[in-house]
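So you can see what is in the structure, the chains are spelled out below.
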Amino acid sequence: MRKLTLAIATGALLAAGNAYAADIFEITSTTFKDGAMLPKKVAGSNKANPNCVGENVSPQFSWKNAPAGTASFALVMTDPDGRGTGVDHWIAYGIPASVTGFAEGETSKPSEKYIGGTGTAKQSIYIGPCTPPNTTPHHYTFILIATDLDPKALPPGMTRLQLFEKLEGHVKGSTGLVGLFKNPL
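All values reported here derive from a predicted model rather than from experimental measurement.

A. Inspection of the nonpolar core at higher detail. F61, W63, L75, W90 and I95 are the most contacted members of the largest nonpolar core, which totals 26 residues. When contributions to this core are tallied by element, the ones reaching two or more residues are β2 (61–64), β3 (72–79), β4 (87–96), β7 (138–147) and β8 (171–181). Sequence-distant contacts of L75, defined by excluding residues within four places in its chain, comprise I27, F61, W90, I91, A92, I95, F102, F142, I143 and L144.

B. Broad picture of unusual backbone geometry. Even without a glycine there, the phi angle at N65 is positive, about 60°. Within the element layout of this structure, N65 appears in the loop between β2 and β3. Not every positive phi belongs to a glycine, and N134 is a case in point at roughly 60°. When you line up the elements, N134 lands in the loop between β6 (115–116) and β7.

C. Region of the structure containing the state of the cysteines. On inspection of all chains with the given rule, the structure shows 1 disulfide. The disulfide that involves C52 links it to C130, with 2.0 Å between the sulfurs. Across the S-S bond linking C52 and C130, the dihedral sits near 110°, which makes this disulfide right-handed. Here C52, found in the loop between β1 (26–28) and β2, pairs with C130, found in the loop between β6 and β7; they are 78 residues apart in sequence, far enough to count as distant. C52 sits in the buried class, given a relative accessible area of 10%.

D. Layout of the packing of aromatic side chains. In the structure shown here, the tally under the stated rule is 10 aromatic pairs. For the pair F25 and F73, a centre-to-centre distance of 6.2 Å together with 25° between the ring planes defines the contact as stacked. A residue pair is termed long-range when its members are at least 10 positions apart, and F25 in the loop between α1 (2–22) and β1 and F73 in strand β3 qualify at 48 residues. Each of the two residues, F25 as well as F73, counts as buried. Both rings, one in F61 and one in F142, keep their centres 5.1 Å apart while their planes meet at 50°; by these two values the pair is tilted. Note that F61 is positioned in strand β2 and F142 in strand β7, a separation of 81 residues in sequence. The exposure class assigned to F61 is buried, which follows from its relative accessible area of 1%. By relative accessible area, which is 1% here, F142 ends up buried. Put simply, the rings of F25, W63, F73, W90, F102, Y114 and Y126 pair up and form one aromatic cluster.

The rules we used
- Residues numbered from 1 in each chain as written.
- Predicted model: local features only at pLDDT ≥ 70, side-chain atom pairs only at ≥ 80, totals over all residues.
- Heavy atoms only, no water.
- Core = buried A, V, L, I, M, F, W, Y, C linked by side-chain atoms within 4.5 Å.
- Buried < 20%, exposed > 50% of the residue type's maximum accessible area, 1.4 Å probe, protein only.
- Helix = DSSP H or I, 4+ residues; strand = E, 2+ residues; numbered from the N terminus.
- Contact = heavy atoms within 4.5 Å.
- Disulfide = S-S within 2.5 Å.
- Phe/Tyr/Trp six-rings, centres within 6.5 Å; stacked < 30°, edge-to-face > 60°.

Structure, rendered in structure tokens:
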């Protein structure tokens, strides 16, 4: 009887743990796994920059279990290793709560699904890695932020720091992924 009671209690705890885990706000990608290398195709394709060796295909993203009260999302891609002080590759916000992801290549161009901010390269679309050769892999962080702001609340063209200032007091939760990239040359 004691073994049966212990088995039932253990099963209940595991079920509760799985139910909790199922409700975690998370972002995933079919293009790369968290902590793994990014494929070459997502690297930048600026022909004027020899460090840009890719096709500038934005990664696929999907997310689930947004926190209660979420009205919109922001998605920011930063390379904290770039140029010694960091590089903001992509700033997107005003993503309606009804949107649960982006297809591969979708954010390499303007879209009605997000408002483009201004990254380091002065672009409002996804700009892939352009790491110099002979360096250690850079860490590309993708941070998805759930907010209580209306999707049309913020103007286009904000930098990451301006966006974060406007999000003060409006963040419901955040989640992220890290992709690594090393120039193969």
